[in-house]
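Examining the three-dimensional arrangement
Spelled out from the first residue to the last, the chains are:
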Amino acid sequence: MMDRIFGRGSLPTLEAMLSFASARQRVIAANIANVDTVGYKTRDLADFRSVVAADTGVLKPNGNNVDLEIEMSKMVRNSALHSTAAALLAQQFTLLREAISGQLHS
Amino acid sequence: MDSIEISAAGMRAQRARMDVIAANLANVDTTSARTELRDGEVRHVPFRRKLAVLIEGADGLPRVKLVEDPSEFRVERQPGHPHASAAGTVLFPNVDPMVETVDLMAASRAYEANVTAAEVAKSMQQSALRILG
């Protein structure tokens, strides 16, 4: 029964968006942490690799190709994705609560 | 690994770099870090510039490796200097304050980038908590 409430509609997708954004934040944070690490190559999650392959930074003399500007902008976009998913999810739960209680939530 | 911990590892690595740079700058004129006996004469060996090289650890986080800069010492002729050789020359550290300053700025910027990443991770966690209403 719970699965019919929480396992349908946009909830699973929004949940997946949230966990994707969290996982991607970890990858981006690791790229930024390794901005000066010898030989380190920029990483990204599989789904976005095709997008990112085009904009990886130039190879520095120490074999590192992390571009701080690219990573920071990826992080901002990812954080926007995360807050969108979080806001939509909160909205869905408000709707559910209204449906259950039968009264509008202010 | 939590993203805030990852950013903290980045900050730690950059701060280690800044520590090494500060030690280089502090020792820019240290003409006798140790002495050695060569040809029956006590020679003063100046401070040798150190470099913090970041290498990737097994967990994907940066590790600091300290290496010495093998470049030549600066030689100056100062016969009255207490650390001068019999020939009247003094060896000075291979530290260039300009190079150190630029490295310090780079490390400081990279540190700030990690701070920003930690702040973003924090606000993401907070917005996830707000789902609870």
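In this report, we go over the structure that sits alongside the text. Remember, it's a predicted structure, so these values are computed and weren't measured experimentally.

When helices and strands are counted, chain B shows two helices and six strands. The order of α-helices and β-strands along chain B, N terminus first, is α-β-β-β-β-β-β-α. Relative to a compact globule of 133 residues, whose C-alpha radius of gyration would be 14 Å, chain B shows 22 Å and is clearly more extended. On the principal axes, the C-alpha backbone points of chain B span a range of 80 × 30 × 20 Å. Within the span of chain B, comprising 133 residues, buried residues form 34% of the whole. Summarising the internal contacts of chain B: among those between residues at least 6 apart in sequence, 53% fall at separations of at least 24. On chain B, roughly 7,600 Å² of surface is accessible, and the fraction owed to carbon and sulfur atoms is 57%. Charged side chains in chain B number 16 positive and 18 negative. The centres of these two groups are separated by 1 Å.

This brings us to the side chain of Arg49 of chain B. Residues and elements named next belong to chain B. You can see Arg49 is positioned in the loop between β2 (41-45) and β3 (50-56). Here the side chain of Arg49 touches Glu100 through a polar contact of 2.5 Å, side chain to side chain. Setting aside chain neighbours within four positions, we find Arg49 in contact with Asn24, Val67, Glu68, Asp69, Asn94, Val95, Val99, Glu100 and Asp103.

Residue and element names in this part refer to chain B. Going residue by residue along strand β6 (residues 89-92), you find Val90 and Phe92 tucked away on one face and Thr89 and Leu91 left uncovered on the opposite face. By the bridge criterion, four bridges tie strand β5 (residues 74-77) to β6 in an arrangement that is antiparallel. Bridging from a neighbouring strand, Val75 pairs with Leu91 of β6.

Right, let's get into the interface of chain A and chain B. Every contact between the two is made by 28 residues of chain A and, on the other side, 27 residues of chain B. Between chain A and chain B, a total of about 2,000 Å² is buried, with carbon and sulfur atoms accounting for 68% of that surface. Applying the counting rule to chain A against chain B returns two salt bridges. One salt bridge in this structure joins Arg43 of chain A and Glu56 of chain B, with 2.9 Å as the shortest N-O distance. Seen at the junction of chain A and chain B, the total is eight residue pairs in polar contact (both at pLDDT 80 or more). Of the residues that constitute the side of chain A that touches chain B, the class distribution is 16 nonpolar, eight polar and four charged.

This part takes up unusual backbone geometry. Residues and elements named next belong to chain B. A positive phi angle is found at Asp39, which is not glycine, with a value near 55°. Here Asp39 lies in the loop between β1 (34-38) and β2. The exposure class assigned to Asp39 is exposed, which follows from its relative accessible area of 71%.

Where empty space is left in the structure can be found by rolling a water-sized probe over the atoms. Residue and element names in this part refer to chain B. Computed from the structure, the largest pocket encloses a volume of approximately 250 Å³. Lining the largest pocket are 15 residues, and of these Arg17, Leu51, Ala52, Val53 and Asp103 lie nearest its centre. Of all elements in the fold, only α1 (3-26), β3 and α2 (97-129) reach the threshold of two or more residues within the lining of the largest pocket. Counting residues per element, the lining of the largest pocket draws most heavily on β3, which supplies five residues. Looking at the lining of the largest pocket, its residues break down into seven nonpolar, two polar and six charged. Taken together, 14 residues line the second largest pocket, and the ones lying closest to its centre are Arg38, Arg43, His44, Ser85 and Leu91.

Moving on, we get to the packing of helix α2 (residues 11-33) of chain A against α2 of chain B. Packing of α2 of chain A against α2 of chain B leaves a shortest axis separation of 9 Å and a crossing angle of 170°. As summarised for this structure, α2 of chain A and α2 of chain B are arranged roughly antiparallel, according to the angle between their axes. Contact with α2 of chain A, carried on its side by Ala21, Ser22, Gln25, Ala29, Ile32 and Ala33 of chain A, involves Ala113, Asn114, Ala117, Val120, Ala121 and Met124 of chain B of α2 of chain B and no other residues of that element. A per-class count over the contact of α2 of chain A with α2 of chain B returns nine nonpolar, three polar and no charged.

Our focus in this paragraph is the environment of Leu104 of chain B. Residue and element names in this part refer to chain B. Following the sequence through the fold, Leu104 ends up in helix α2. On the accessibility criterion, Leu104 (31% relative accessible area) is partly exposed. Leu104 sits 28 residues away from Leu132 along the chain, and the two C-alpha atoms are 43 Å apart. Every residue in contact with Leu104, bar those within four places of it in the chain, is listed here: Met18 and Ile21.

Residues and elements named next belong to chain A. Mapping Gly63 onto the fold places it in the loop between α3 (49-53) and α4 (68-101). Of the residues examined, Gly63 reaches a relative accessible area of 16% and is grouped as buried. Separated by eleven residues in sequence, Gly63 and Lys74 have C-alpha atoms that sit 22 Å apart. When near neighbours in sequence (up to four residues on either side) are disregarded, Gly63 contacts Gly39, Tyr40 and Lys41.

Parameters at a glance
- Residues numbered from 1 in each chain as written.
- Chains lettered and ligands numbered in written order.
- Predicted model: local features only at pLDDT ≥ 70, side-chain atom pairs only at ≥ 80, totals over all residues.
- Heavy atoms only, no water.
- Helix = DSSP H or I, 4+ residues; strand = E, 2+ residues; numbered from the N terminus.
- Rg over C-alpha atoms; globule rule 2.2 N^0.38 Å.
- Buried < 20%, exposed > 50% of the residue type's maximum accessible area, 1.4 Å probe, protein only.
- Contact = heavy atoms within 4.5 Å.
- Areas by Shrake-Rupley, 256 points an atom, 1.4 Å probe, with all protein chains shown as cover.
- Lys, Arg positive; Asp, Glu negative; His and termini not counted.
- Charge placed at Lys NZ, Arg CZ, Asp CG, Glu CD.
- Polar contact = N/O pair within 3.5 Å; in protein donor to acceptor, adjacent residues only side chain to side chain.
- Pairing = 2+ DSSP bridges.
- Buried area = accessible area lost by both parts, 1.4 Å probe.
- Salt bridge = Lys/Arg side-chain N within 4 Å of Asp/Glu carboxyl O.
- Nonpolar A, V, L, I, M, F, W, Y, C, P; charged D, E, K, R; others polar.
- 1 Å grid on protein atoms, 1.4 Å probe; cavity = no way out; pocket = protein on both sides within 12 Å on 5 of 7 lines; lining within 4 Å.
- Points joined across faces, edges and corners; volume = space filled by probe spheres on them.
- Axes fitted to C-alpha atoms, helices over the stretch in contact; angles between N-to-C directions.
- Parallel < 35°, antiparallel > 145°, perpendicular 65-115°, else oblique.

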